[in-house]
Amino acid sequence: MKPQFTSRPRRLRHSPALRNMVRETELNASDFIYPLFVRHGENVRAEIKSMPGIYQFSVDQLAQEAREVFELGIPAVILFGIPAEKDSHGSENFAKDGIVQQAIHVIKAAVPELIVVTDVCMCEYTDHGHCGIINDGSNPNLPKGYVLNDPTLEVLAKVAVSHAQAGADIIAPSGMMDGMVKGIRSALDVAGFEHLPILSYSVKYASAFYGPFREAAESPPQFGDRRTHQMDPANVREALRESALDVNEGADMLMVKPALSYLDVIHRVHTSFPELPLVAYNVSGEYAMVKAASANGWLDERAVTLEMLTSIKRAGADMIITYHAKDAARWIRDPRES
Ligand code: PBG
């Protein structure tokens, strides 16, 4: 029998103290992971046009930025590198003095407690802008330009080990290749990094919300798109299959990306895999929309941002990668008088 409710929910809303007491979801700065874009050069702090408040930094700027992030109570950053040169295999990606490797050294030296997550993918490093090695025609059975799964895995394993050697704390492969987590896991183990966790971008949709990121990371595909390896936004059962595969391959944490149009996916993955921490990626396009509308005075940036981030947590995310992290951490720390 259904319970008969005779009390009124409204009774629990009439004062701020009471509302705080019965609140089901609490947003904390400790939930956030802040993305950082790193590039070569000196004294570079270049704002990304479509992402006001977000910058590409040169390595010398990172110590200060890392301190600021950590002092706000944000426990982790995720790094994206813009290499000096791109080529078909993305060689700088696994170079000892690559841009991300340099960035890890500087951040860990400045703030050892700040957790450094590294995105392991090829799209920022390849001249064609795709997330792997592509078929140049040598495999006649596959379409030209198709991302070749298995050769890509070897490169990703090299990148992961190189990030680990530079001092990364969490390896986050984002390329959605089959067997990616397993390949990276065994490469890390062999290299002596069996303690490093893998955060897999297990559920990544082929989304138009990544638009501003491609400006930030200078990584738009030069032809075609990513629909052969990223998921169709129309699917959700497939998200559970993708997650199950990654769990079986040894993923320590799962991710759903983007977040806001995929709250149902976050909820489904959370309920299907309650044992694993779940990360949601509140992506560049989601950030850009809020910034643009707020700049026009059409939305209250602070209220809207906190509402969105709370909804992502309510849906089931344990952690949120978000460009709003620093602002949100300040807003949570200094509540509005009202
Ligand atoms: C791949 C990667 C992308 C994003 C994060 N990692 C681009 C893509 O998948 O095409 C996008 C994140 C965002 O839009 O904020 N290295």
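Higher on the page you've got the structure.
Predicted model only: the values in this text are computed from it and were never measured.

Quick notes on the rules
Residue positions within a chain follow its written sequence, with the count starting from 1. Where totals are concerned, whole chains, interfaces and linings use all residues; where local detail is concerned, this predicted model gives features only for residues with pLDDT of at least 70, and gives and counts side-chain atom pairs only at 80 or more. To obtain the side-chain values, all non-hydrogen atoms of the structure were included, while hydrogens and water were left out. Only buried Ala, Val, Leu, Ile, Met, Phe, Trp, Tyr and Cys residues count toward a nonpolar core, and they belong to the same one when joined by side-chain atoms within 4.5 Å. Remark: exposure states derive from per-residue accessible area (1.4 Å probe, protein chains only) relative to the maximum for the residue type, with buried under 20%, exposed over 50%, and partly exposed in between. Any pair of residues with heavy atoms lying within 4.5 Å of one another is described as a contacting pair. In this text, helices come from DSSP runs of H or I with a minimum length of four residues, and strands from runs of E with a minimum of two, each type numbered from the N-terminal end. How far a helix is expected to stretch is found by multiplying one less than its residue total by 1.5 Å. One heavy atom suffices: a residue is near a molecule or strand as soon as one of its heavy atoms comes within 4 Å of it. Polar contact criterion, stated in full: a pair of N or O atoms within 3.5 Å, where within protein one must be able to donate a hydrogen and the other to accept it, and residues adjacent in sequence count only if both atoms are side-chain atoms. Computed with the Shrake-Rupley method and a 1.4 Å probe, the accessible areas treat only the protein chains shown as cover for residues. Aromatic rings from Phe, Tyr and Trp, taking only the six-membered ring of Trp, are treated as a pair when their centres fall within 6.5 Å; an angle between ring planes under 30 degrees marks them as stacked, one over 60 as edge-to-face, and anything in between as tilted. Lysine and arginine charges are scored as sitting over a ring when NZ or CZ, respectively, is within 6 Å of the ring centre and within 35 degrees of the ring normal. For helices, the axis comes from a line fit to the C-alpha atoms of the stretch in contact; other axes are also lines fit to C-alpha atoms, and the angle between any two N-to-C directions lies between 0 and 180 degrees. Working rule for angles: under 35 degrees goes down as roughly parallel, over 145 as roughly antiparallel, 65 to 115 as roughly perpendicular, anything else as oblique. Each residue is assigned to one class: nonpolar for Ala, Val, Leu, Ile, Met, Phe, Trp, Tyr, Cys and Pro, charged for Asp, Glu, Lys and Arg, and polar for all the others, Gly among them. Within this analysis, patches are made of residues with over 30% relative accessible area and no salt bridge. Like charges are joined at 9 Å or less; nonpolar side chains (Val, Leu, Ile, Met, Phe, Trp, Tyr) at 5 Å or less. For salt bridges, the criterion is a side-chain nitrogen of Lys or Arg within 4 Å of an Asp or Glu carboxyl oxygen. Residues counted as positive are Lys and Arg, residues counted as negative are Asp and Glu, and His and the chain ends are not counted. Think of each charge as sitting on NZ of Lys, CZ of Arg, CG of Asp or CD of Glu.

Topic: the nonpolar core
Next up, step 1: Judged by nonpolar contacts, the single largest core of 106 residues is most densely connected at Phe37 and Leu79.
Next up, step 2: Leave out the neighbours within four places in its chain, and Phe37 touches Ile48, Ile54, Tyr55, Gln56, Phe57, Phe80, Ile82, Phe213, Ala216, Ala217 and Tyr323.

Observations regarding helix α10 (residues 301-315)
Next up, step 1: An ideal rise of 1.5 Å per residue puts 21 Å on 15 residues; α10 measures up with 21 Å between its terminal C-alpha atoms.
Next up, step 2: Where the residues of α10 are buried, they touch β1 (32-39), α8 (263-272), β11 (278-282), α9 (284-295), β12 (319-322) and α11 (325-333).
Next up, step 3: One or two positions beyond α10, positive phi appears at Gly316, with a value near 135 degrees.

Thoughts on the site of the ligand
Next up, step 1: Around the ligand sit 19 residues, and of these Lys204, Arg214, Arg226, Ser284 and Tyr323 come closest.
Next up, step 2: The side chain of Lys204 places a nitrogen or oxygen atom 2.9 Å from an oxygen atom of the ligand.
Next up, step 3: The separation between an oxygen atom of the ligand and a polar side-chain atom of Arg214 is 2.5 Å.
Next up, step 4: Relative to its unbound accessible surface of 400 Å², the ligand loses 100% to contact with the protein.

Digging into α9
Next up, step 1: If you check α9, its first and last C-alpha atoms are 16 Å apart, about what twelve residues at 1.5 Å a residue would give, namely 16 Å.
Next up, step 2: Where burial is concerned, most of α9 is hidden: nine out of the twelve residues are buried.
Next up, step 3: Gly297, located one to two residues past α9, shows a positive phi value of around 80 degrees.

Focus on the packing of aromatic side chains
The relative placement of two aromatic rings is captured by the distance of their centres and the angle of their planes.
Next up, step 1: In the structure shown here, the tally under the stated rule is nine aromatic pairs.
Next up, step 2: Between Phe37 and Tyr323, the aromatic rings sit 6.3 Å apart at their centres with planes inclined by 5 degrees, giving stacked as the arrangement. Highlighted residues: Phe37 in strand β1 and Tyr323 in the loop between β12 and α11, separated in sequence by 286 residues.
Next up, step 3: For the pair Tyr205 and Tyr262, a centre-to-centre distance of 4.2 Å together with 25 degrees between the ring planes defines the contact as stacked. Of this pair, Tyr205 sits in the loop between β9 (203-204) and α6 (211-216) while Tyr262 sits in the loop between β10 (254-257) and α8; the two residues are 57 residues apart in sequence, bridging distant segments of the chain.
Next up, step 4: Exposure remark for Tyr205: the relative accessible area of 0% places this residue in the buried category.
Next up, step 5: With relative accessibility at 7%, the residue Tyr262 sits in the buried group.
Next up, step 6: Here the aromatic cluster, defined as three or more aromatic residues joined through ring pairs, consists of Phe37, Phe80, Tyr201, Phe213, Tyr281, Tyr287 and Tyr323.
Next up, step 7: The positively charged end of Lys158 is found above the aromatic ring belonging to Phe94, 4.4 Å away from the centroid.
Next up, step 8: Taking NZ or CZ as reference, Lys257 lies 4.3 Å from the ring centre of Tyr210, over its face.

Details of the packing of α10 against α11
Next up, step 1: Close contact between α10 and α11 brings their axes to 10 Å; oriented N to C, the two are set at 100 degrees. When the axis of α10 is compared with that of α11, the two are roughly perpendicular. In this structure, α10 contributes Glu301, Arg302, Thr305, Leu306 and Leu309 to the contact, and α11 contributes Asp327, Ala328, Trp331 and Ile332.
Next up, step 2: Class assignment of the residues belonging to the contact of α10 with α11 gives a composition of five nonpolar, one polar and three charged.

Points about a nonpolar patch on the surface
Next up, step 1: Among the surface-exposed residues, Leu12, Met21 and Val22 lie close enough to one another that they form a single nonpolar patch of about 300 Å² accessible area.
Next up, step 2: Here Leu12 lies in the segment before α1 (16-21).
Next up, step 3: For Leu12, a relative accessible area of 41% gives the class partly exposed.

Concerning a positive patch on the surface
Next up, step 1: Taken together, the side chains of Arg8, Arg10, Arg11 and Arg13 make up a positively charged region of the molecular surface.
Next up, step 2: Counting through the fold element by element, Arg10 comes out in the segment before α1.

Considering the side chain of His130
Next up, step 1: For His130, the location among the structural elements is in the loop between β5 (115-120) and β6 (133-134).
Next up, step 2: By relative accessible area, which is 2% here, His130 ends up buried.
Next up, step 3: Those residues in contact with His130 that lie beyond four places of it in its chain are Met122, Cys123, Val147, Pro221, Phe223, Gly224 and Asp225.

Function cannot be inferred from these measures alone, as they are strictly geometric.
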